[in-house]
Every structure is written in C-alpha cells, then in structure tokens.
Amino acid sequence: MSTEEKPAAPRSLAEALRARDDDSLSALLRGRPDLITPVPTDLTQLATRAGTRASVVRALERLDRFALQTAEALAVAADPATYAELLGLMAGDDGDPLVTAALPRGLGTLRELALVWGPDDRLRLVRTARELLAPTPQHPSPTGLGPTVQEATSGMSPGRIQDLVTAAGLPSTHDSVSATAALTGLFTDRTRMSALLDEAPAASVEVLERLVWGPPYGQVTADPAPRLRWLLDRGLLLPTAPGTVVLPREVALHLRAGRAHRAPEPVAPPVETAVTHRPQVVDATAAGQAYTTLATVEELLKDWDEGGPAVLRAGGLSVRDLKRTAVALDVSEPVAAFWVELAYAAGLIASDGEADERYAATPAYDEWLEQPAARRWARLAETWLTGTRTAGLVGGRDAKDRALAALGPGLDRSAAPEVRHRVLGLLAELPEGAAPARESVLARLRWERPLRRDPQRDPQRDTGPDADLRVRLARWALSEAELLGVTGRGALSAHGRALLGAHAPAHAPDEEPEGPGDKLPVHHRPVPRLEPLTPAEQSVASATAARLLAPLLPEPLDHVLLQADLTAVAPGPLQRHLADMLDVLADVESKGGATVYRFTPASVRRALDAGRAASDLHAFLTEHSRTPVPQPLAYLIDDVARRHGHLRVGAASAYVRCDDDAMLNEILADKRSAGLRLRRLAPTVLAAQADPAALLEGLRAMGFAPAAESAEGDVLITRAHAHRTPPRTPPEPVPEGPPAPDPTLLAAAIRAIRAGDLASTTPRKSPEPTAGGALPRTSSAETLATVQAAVLTGQALWIGYVNAEGAASQRVIAPVRVEGGFVTAYDHTADEVRTYPLHRITGVAELADE
C-alpha cells in the first residue's frame, strides 16, 4: 500500500474554493463578476454568495448549450454522482464519442464557475442549481424526465407498494423503504428490465414510447384501460394525483438507453456561408450605405432644426409623429424609429425642457457636423455597437401592456451590446467577403447561450421561437448593421472589422485579394476580437474604422446641372454650403444617386426672405452650375424679386401699404381677403385686424409677395433660425450586471479574500474557545500583556476588533509596537500595516503552532 495519503474530499463548496489556486479563483470571479460586488470578507462568504439564487441564475444564463445540458444531467443524477454516472447520462449506453470527448470541457466550465464541486467520484451540483434544474410538476426539466421511484411513491401506502413489488416479480419486503429500493433496483438493471418489458403488451409499450421523451405525465380515468392497468400494476407508471400518472425517471432512462437528453449538442453549430462577394464590392457597398446613414441623420436633424415633435406626457414620440418622420425620410416606420433612436443615443437630439416640451437638435449636433464624414460615421457606429437603446422594440408592448414609443422609456436592453458584438464577431470569423446564412448565425447564438426571455415582456404572450431575447436582438443587429454600413451585402466590411477591434485587412482597397477563388489565405484573414472592448480600446478601434472608411466615401461636389424645366440635378453629394443654399432656394423633388431640385416661386421667395437679393441668386447659380443658367429660371428669379417687398406689412394691428393703389383695390375686391377684415386708411394704406404674421400668410396665399417692415419702415429680413436644446449628455447604456473586473481589481480582491479567510480559519489557542465564529474575549490587562509579549516574540495573534461604526470583525495581526494605548501591527487580513486602539480590541488569542 502506498504511504501517500489521498487528500480528503472537500465537505463543502467553501472547502473546495479554499483548495483552488489564485488563477482558478480569478477565472471564477471573471466568469461571475457579481461575486465581488462587494468583495467578500473570506472564502466562506464567497461560497455563500455563489450559491444564492440570483447569482446562480445569472451564471446558468451564461452557459453554452452543452454545459447547460451537463448541469441538467447532474440535476437528475444522484447527489453526489460519479463521473461515470454523468458520462452515462450524457453519452448513453452506446457511448457517443463526440459527447465523451466534450464532457470534460462542459464539466470543467461548471467547475470553473463554482456550479459543480467535488472530485470525479463525488460530483455535487450547487444546491440552488439543482433546485432550479431538477424536474418538478410545476417546472418540468428540459430533459423531459420525471421524478424517481422514491419521489413518486413517497405518499403511497405501504400495501400498495408491496403490491407493485409482487406484480413486478420481486419478493415482498418488510417495509416500504426496502420495497422502493427493490423496485428501483429492478428498473435500473438493464437485463431484468428488458425481460420485464418483453412481457409487456404492444399497446402498453406504445404508451411508454409516448411518454419517454417527455412530458412524463399523463391522464387516466378511474377505470384504466388494460394497457394502462398492466403498467400501473407493475409500477412502470405511478399515480401522482387523482387522474394523473407519471413515468418514473429510472424507467424513462432505460427506454432512452441511459441518455438524459434526446439530442445532446456537444459541438457548436457552424456559421454557414450563404454567398461570397469580392471584398472590394463589400467595402464599396458598405461605404455607400455609410454615406446614406450620414445623409439620413442630417436630413432628420434638419427637419427638426427649428423644433421637432412634441414630447408625450409619458415620454417619447407619438405614433403620428413617427409616421410623419418616416414619410419625411422616405423610409418605413421601424427604420425611422432606428434613425431617431440612433441620433438620440449619440446625443444629437434631446428634449428642450421647455414648458411646451419638444425634441430638437443639441449643440453637440453642430459640433458633429464640423467633423469629417468618416469620423461622423464612426461616432454613430460606435454608439450603435455599445448602446443599450433597442429600436426594434418600438411599437411593441411591455409586461404591463403599455405601448413602447420611440425615444420613450423601456427601450433599454442590457444584453444588446454583447449580442451585437457577438453577431459581428461571428461574421468576422468568416473569410472576407463571405455573407452568412442568417439562420445559422441565430442557431449558433442559441447554442452559445441558453434560452433567455425578455424580462420586460409578458411570458404568457411570448411563446414562439422569437421569445428568446438574444435571438430577437441578433435579428435586429444583422439588419441594423446593414443599414449603418457596417456590413455590405450581408458580409462584414473592412471598416466594420476595424470597428470590432479586429486587425485591418491584408489588402489595399483597390487590390485584388490573394489566393484562389478571390479568397485571402488563412494567415492573411483579419483576426476577430471576440470579447467587447474597453472604452479606450473602442475609441482606438473607431478611429481606425474611420481611417479605413474615409477613402471609400465620395468627395462632395461643388456644382450642379441646371436644366430648362426649372430643375437642378446634383450628380452626387454636395459641399455643405452649396447644399444648404439649394435647400433654401429650391425644393427637393427626388433623391437617390443624384438629387433633383425644383425651383418654384415659393422657393425663390423663401431665398429672398432669407436676405438674398436677386443679383446674389444669379451670381450663385452662375458660379455653381456646369451648364448655363436657363432663361426660364432667370425670368422666374427676376419676376419674384420684382414683386417681393412691393407690399409692406407692419403692426397696427397690422397694415398694408403700397404705392400702387390699384393693387390695394384688387386686394379689397378679392373675396379671399374677407377673413383679414381689411379697410382703407389712405389711398396707399390698408388696415387689418389680423396680426402681421397672419396678414403676411394670407396675402401670400392670395398670390402676392408682401414683405414685412419695421416700425421705421425698413424691410425685415426673416432668416431661418435653428432651435437648439441646452447642452445635453447622451443617455448612458444600462449595464448588464457588474462590469468584468480588471486584473488589478482581481488581484486585490483575491488577496483580501485569502487574508480574511486566514483570519477566520487559522487554528487558535484560547483558554475559552469560542463557538460559531464569535469574537475572542479577554480582559484589558490580559489583552495588553499578550500583545506586548507578541511584540517581543514576533508571534501572530488572532484579535476581535470593533471599529468606530460598531462593525465587528476578526483579524490576524503581527504586533510591531505598543504605546500610548495603540498597537501598531501588520494586518494579515488587510495585507498592510495598521494601528488599532487597544480599547477597541475585544480580546486576543494565540494562533496554533500549525
């Protein structure tokens, strides 16, 4: 026999954690960051926190499909279970080789997250996890298994149990416990169980086959049919309630050839390629959509420049305003909601906070406009990638059946950034130019995380496949990435990879890729960054994405093509000052690759009202047109300018004056002027009971072109003004639980936990041993004498200490100096030198020699 003794198995999760090294504890705290918020005082508290329901639920939600199936199998196994038993439940009697190879990884994941502890011969699932995953009548297990024979017969009379034993061909016993054990032994013995089922009628076997994969419960009448009676008499079906029977777990496992799951999924499903494009085509398509993104957001903000829609009392946009915005942008309402939410999340629009609260552009919008186009796009893309506002929810209803409005509350989903990042990460794993099959991306995400329902939606209403929040977020992410220009033709672009934190592509934008079939060699493909970036890393990645996108965006043009039909064609994007002037001088007739502007009397008058003279308009068109200014357009400008300001409107309530009394006679004779209630004050002056603004609008509706004038008689130039909100900060993303700890925090937390554990578990010498973790108690004189002796010997002590706030704790200290009523010592618990008032030390005890 070997002289080496096998280490004793841990008796609790705390003991199992105590046996871990620092790297293993770091992996646990990285995988479950909620465990160090705040930092536990010792490993016992860490184990207790790791077993709480909220923490276990959060940990289970982050398991992949196979690791979760492993936990579900342990939940229906004996407690504790052996590795061989677990392997049998996962791989079955046939020993599926894929499952056999993957099981160590699945079990290792559960151990790393402290959901399973103990050696391979005594595997224990954390009690809370077992309660969540074990089958109950109210919450069936995903395995489809029912209760064990012992659980199903717990309320059965002893006589009935003996009848079952006898009918099954077993000798009768003296008590119910041994009878139940005999029945369990029969059902778990493959040979004897097969012999019993060989005697079963074919109809009875059909009943078992219908229940074997779940649900295991069925309904029976007071007088069961013979096929059911045969099963009930032998305990192959057990009654659980009047009219209800259940298939015992042991019977189901025999019929399943030992497998807990019908279809174990040890390997992640691959992301399949639907179509492959040349990378240059993908980048060009994505760049074109990126430019459309900028144009759409600018058009939205321009439409709201002088004050946008009103804010609903409950917050957000009304359905009518969203429809109006969709019409203005020429997009569908869900797409309009996406652009509105994106601008809001980027801090470009907000509510103005006035009494009549409305949405408007923020001062940050003006700063954003001054940036280069690629930088503006990068800011929007980064906002989308890291934000939690979810536009896809607009139009739906929350758990309280309240409508979810654009810009309103209830649209934050903390899982959105992770899902968007993961979706793009899966695309980045494909060769450049490869567009995935959407369903394969969704299948991969379903495997990587278990079913996760939206906590803010009604579970009774969400029962379909899209009830999984991550699946819905992934569908929206794929569509939104294409809208933004992160992807092109379904494939991830070069600037999209850079935004994700992947390496830049190995080819220049205009180069042909290397390798056969227009595919890059494996060693030249970008390496994806799978985990989300820190804010500093994301800023660098966004800057890289902007640099890659910049050469792909079209250069703004400084000219248009004037046509004889009073239109102007912009063959591409225009320089800002040119586009702004054309927006005042003409109306947009159509958009697309080229924008068509139409000149009308109203649009020319709008430019004149903005302070432009006719000569300015002629000079502007001559300078910026590659074609001669058509004669009809020149005539239109001169004709409107000649009439502009011929009539003057002032405040008296309001008056109209004109040197041409014939024109005033024409106005008075027109029936449309009746509402203005005009009367003649002088041959060249009319008075009105309407205010000047209404008088101006009324005369313009009648076909005249009046101009407003000041009290001094000067023409008032009405200029377009921009309404801005006060400075606003963008909405903060809603985090999904505590953030992942950085290495510095992890090291400090582990050091503190181990020091606290040393203080609470080190053996002590005490004349009066304390129980239950109570603080040591000694007299003041004894405390002083013990501490002074420890200073001379360098011995460590265990002390009880109460701080100024009254919080009690126990510590391990090495006293260095005692003077003035204070003891200075190295505190092993805090890993630093501290000074303690002697009157706050409740007592001391020497540590054991070990």
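In what follows, the accompanying structure is described. Note that this is a predicted model, so its numbers are computed, not measured.

### Observations regarding the overall build of the protein
Phase 1 of the analysis: The number of helices and strands found in the protein is 33 helices and 26 strands.
Phase 2 of the analysis: Looking at the protein residue by residue over its 850 residues, the buried ones come to 46%.

### Some points on the sheet that holds strand 4 (residues 238-241)
Phase 1 of the analysis: Reading across the sheet, the three strands line up as 3-5-4 and stay open at both edges, with antiparallel pairing between neighbours. Lying at the two open borders of the sheet, with one neighbouring strand each, are strand 3 (217-219) and strand 4. Between one strand axis and the next, the sheet turns through 40° on average, direction left out of account.
Phase 2 of the analysis: Sheet topology places strand 3 next to strand 5 (residues 244-246); three bridges connect them, and they run antiparallel. Bridge pairing links Tyr 217 to Val 246 in strand 5.

### A look at the packing of helix 26 (residues 576-585) against helix 28 (residues 614-624)
Phase 1 of the analysis: Contact geometry of helix 26 with helix 28 gives a least axis separation of 12 Å together with a crossing angle of 130°. Between helix 26 and helix 28, the crossing angle belongs to the class labelled oblique. Viewed along their axes, helix 26 and helix 28 form a crossing whose handedness is left-handed. Seen from helix 26, the contacting residues are His 577, Leu 578, Met 581, Leu 582 and Leu 585; seen from helix 28, they are Leu 617, Phe 620, Leu 621 and His 624.
Phase 2 of the analysis: When its residues are assigned to classes, the contact of helix 26 with helix 28 shows seven nonpolar, two polar and no charged.

### Some details on the sheet that holds strand 14 (residues 587-590)
Phase 1 of the analysis: In space, the four strands of this open sheet follow the order 12-13-15-14, with antiparallel pairing throughout. The open sheet has two edge strands with one neighbour each: strand 12 (561-563) and strand 14. Ignoring which end each strand starts from, the neighbouring axes of this sheet average 30° apart.
Phase 2 of the analysis: The pairing of strand 14 with strand 15 (residues 595-598) spans three bridges and is antiparallel.

### Here's the deal with the nonpolar core
Phase 1 of the analysis: The biggest cluster of nonpolar side chains holds 86 residues, and the ones touching the most others in it are Leu 74, Phe 187, Leu 236 and Leu 237.
Phase 2 of the analysis: With seven residues, helix 5 (residues 65-75) is the single largest residue contributor to this core.
Phase 3 of the analysis: Excluding its chain neighbours within four sequence positions, the residues that come into contact with Phe 187 are Val 149, Met 193, Leu 196, Arg 234, Gly 235, Leu 236, Glu 250, Val 251 and His 254.
Phase 4 of the analysis: Core analysis: the next-biggest nonpolar cluster, separate from the first, contains 69 residues, Leu 322, Tyr 359, Leu 469 and Leu 553 among them.

### Focus: the environment of Gly 347
Phase 1 of the analysis: Tracing the chain through its elements places Gly 347 in the loop between helix 18 (333-345) and strand 7 (349-351).
Phase 2 of the analysis: Beyond its immediate stretch of four places on either side in the chain, Gly 347 contacts Thr 362, Ala 364 and Pro 730.

### Here we look at the side chain of Asp 64
Phase 1 of the analysis: Tracing the backbone through its elements, the reader meets Asp 64 in the loop between helix 4 (53-61) and helix 5.
Phase 2 of the analysis: Asp 64 sits in the buried class, given a relative accessible area of 13%.
Phase 3 of the analysis: Within the local environment of Asp 64, its side chain forms a polar contact with the backbone nitrogen of Phe 66, the two atoms lying 3.1 Å apart.
Phase 4 of the analysis: For Asp 64, the contacting residues outside a window of four places in its chain are Arg 105, Trp 447 and Glu 448.

### As for the packing of aromatic side chains
In this description, a pair of aromatic rings is defined by centroid distance and the angle of the planes.
Phase 1 of the analysis: Counted by the stated rule, this structure contains four aromatic pairs.
Phase 2 of the analysis: Here the guanidinium or amino end of Arg 376 rests over the ring plane of Trp 368, the centre of that ring lying 5.3 Å away.

### A short note on helix 23 (residues 469-484)
Phase 1 of the analysis: Look at helix 23: 22 Å from first C-alpha to last across 16 residues, which is about the 22 Å you get at 1.5 Å a residue.
Phase 2 of the analysis: All buried positions along helix 23 are accounted for by Leu 469, Arg 470, Val 471, Arg 472, Leu 473, Ala 474, Ala 477, Leu 478, Glu 480, Ala 481 and Leu 484.
Phase 3 of the analysis: At its buried positions, helix 23 is contacted by helix 16 (279-303), helix 18, helix 20 (373-386), helix 21 (416-428), helix 22 (438-448) and strand 10 (487-488).
Phase 4 of the analysis: Backbone geometry just after helix 23 places Gly 485 at a positive phi near 90°.

### Some words on the pairing of strand 19 (residues 685-688)
Phase 1 of the analysis: The sheet contact formed by strand 17 (residues 654-657) and strand 19 spans four bridges and is antiparallel. Residue pairing for strand 19: Arg 657 is matched across the bridge by Val 685.
Phase 2 of the analysis: Pairing of strand 18 (residues 678-682) with strand 19 involves four bridges; the strand directions are antiparallel. Along strand 19, the bridge assignment pairs Ala 682 with Val 685.

### Here's the deal with helix 21
Phase 1 of the analysis: Helix length check: helix 21 (13 residues) gives 18 Å between terminal C-alpha atoms against 18 Å at 1.5 Å per residue, within 8%.
Phase 2 of the analysis: Counted residue by residue, helix 21 has 13 buried out of 13 residues, so it is predominantly covered.

### What about the environment of Arg 62?
Phase 1 of the analysis: Relative to the assigned elements, Arg 62 resides in the loop between helix 4 and helix 5.
Phase 2 of the analysis: Residue class for Arg 62 comes out partly exposed when judged on its relative accessible area of 36%.
Phase 3 of the analysis: C-alpha separation for the pair Arg 62 and Arg 449, spaced 387 residues apart in sequence, amounts to 5.7 Å.
Phase 4 of the analysis: When sequence neighbours within four positions are dropped, the list of residues in contact with Arg 62 reads Glu 418, Arg 449, Pro 450 and Glu 736.

### Considering the pairing of strand 15
Phase 1 of the analysis: Bridge count for strand 13 (residues 567-570) against strand 15 is four bridges, and the pairing is antiparallel. Residue Thr 567 lies in a different strand from strand 15, and its bridge partner there is Arg 598.

### A short note on the packing of helix 10 (residues 158-167) against helix 11 (residues 176-188)
Phase 1 of the analysis: One way to put it is that helix 10 packs onto helix 11 with a least axis distance of 10 Å and a crossing angle of 30°. As the angle between them shows, helix 10 and helix 11 are arranged roughly parallel. In the crossing of helix 10 with helix 11, the sense of the turn from one axis to the other is left-handed. Every residue of helix 11 that contacts helix 10 at Pro 158, Ile 161, Gln 162, Leu 164 and Val 165 is listed here: Ser 176, Ala 179, Thr 180 and Leu 183.

### Some thoughts on the environment of Asp 565
Phase 1 of the analysis: Inspection of the secondary structure assignment puts Asp 565 in the loop between strand 12 and strand 13.
Phase 2 of the analysis: With 33 residues separating them along the chain, Asp 565 and Arg 598 place their C-alpha atoms 8.5 Å apart.
Phase 3 of the analysis: A polar atom in the side chain of Asp 565 sits 2.5 Å from the side chain of Thr 567.

### Let's talk about unusual backbone geometry
Phase 1 of the analysis: Along the chain, Thr 37 connects to Pro 38 via a cis peptide bond; the corresponding omega equals 0°.
Phase 2 of the analysis: Looking at the secondary structure, you find Pro 38 in the loop between helix 2 (22-31) and helix 3 (43-50).
Phase 3 of the analysis: With an omega of 0°, the peptide bond between Asp 79 and Pro 80 qualifies as cis.
Phase 4 of the analysis: Secondary-structure assignment places Pro 80 in the loop between helix 5 and helix 6 (83-91).
Phase 5 of the analysis: Positioned with a positive phi, Leu 566 is a non-glycine residue whose angle comes to about 65°.
Phase 6 of the analysis: Summarising the element assignment, Leu 566 is placed in the loop between strand 12 and strand 13.
Phase 7 of the analysis: When its relative accessible area of 23% is taken as the criterion, Leu 566 is described as partly exposed.

### Overview of the pattern of salt bridges
Phase 1 of the analysis: All told, the structure shown has 36 salt bridges when counted by the stated rule.
Phase 2 of the analysis: Its salt-bridge partner being Arg 190, residue Asp 93 comes within 2.9 Å of it at the nearest N-O pair. Separated by 97 residues along the polypeptide, Asp 93 in the loop between helix 6 and helix 7 (97-112) and Arg 190 in helix 12 (residues 190-198) bring together distant segments of the chain.
Phase 3 of the analysis: Overall, Arg 190 belongs to the partly exposed group, its relative accessible area being 31%.
Phase 4 of the analysis: Arg 724 is paired through a salt bridge with Asp 366; the nearest N and O atoms lie 2.8 Å apart. Here the residue Arg 724 occupies a position in the loop between strand 20 (707-708) and helix 32 (743-761), and Asp 366 occupies one in helix 19 (residues 363-369), the gap between them amounting to 358 residues.

Rules and cut-offs
- Residues numbered from 1 in each chain as written.
- Predicted model: local features only at pLDDT ≥ 70, side-chain atom pairs only at ≥ 80, totals over all residues.
- Heavy atoms only, no water.
- Helix = DSSP H or I, 4+ residues; strand = E, 2+ residues; numbered from the N terminus.
- Buried < 20%, exposed > 50% of the residue type's maximum accessible area, 1.4 Å probe, protein only.
- Pairing = 2+ DSSP bridges.
- Axes fitted to C-alpha atoms, helices over the stretch in contact; angles between N-to-C directions.
- Parallel < 35°, antiparallel > 145°, perpendicular 65-115°, else oblique.
- Left-handed = near helix turned anticlockwise from the far one by under 90°.
- Contact = heavy atoms within 4.5 Å.
- Nonpolar A, V, L, I, M, F, W, Y, C, P; charged D, E, K, R; others polar.
- Core = buried A, V, L, I, M, F, W, Y, C linked by side-chain atoms within 4.5 Å.
- Polar contact = N/O pair within 3.5 Å; in protein donor to acceptor, adjacent residues only side chain to side chain.
- Phe/Tyr/Trp six-rings, centres within 6.5 Å; stacked < 30°, edge-to-face > 60°.
- Lys NZ or Arg CZ within 6 Å of the ring centre and 35° of its normal.
- Expected span 1.5 Å × (residues − 1).
- Salt bridge = Lys/Arg side-chain N within 4 Å of Asp/Glu carboxyl O.

No statement about biological role is implied by the geometric values presented.
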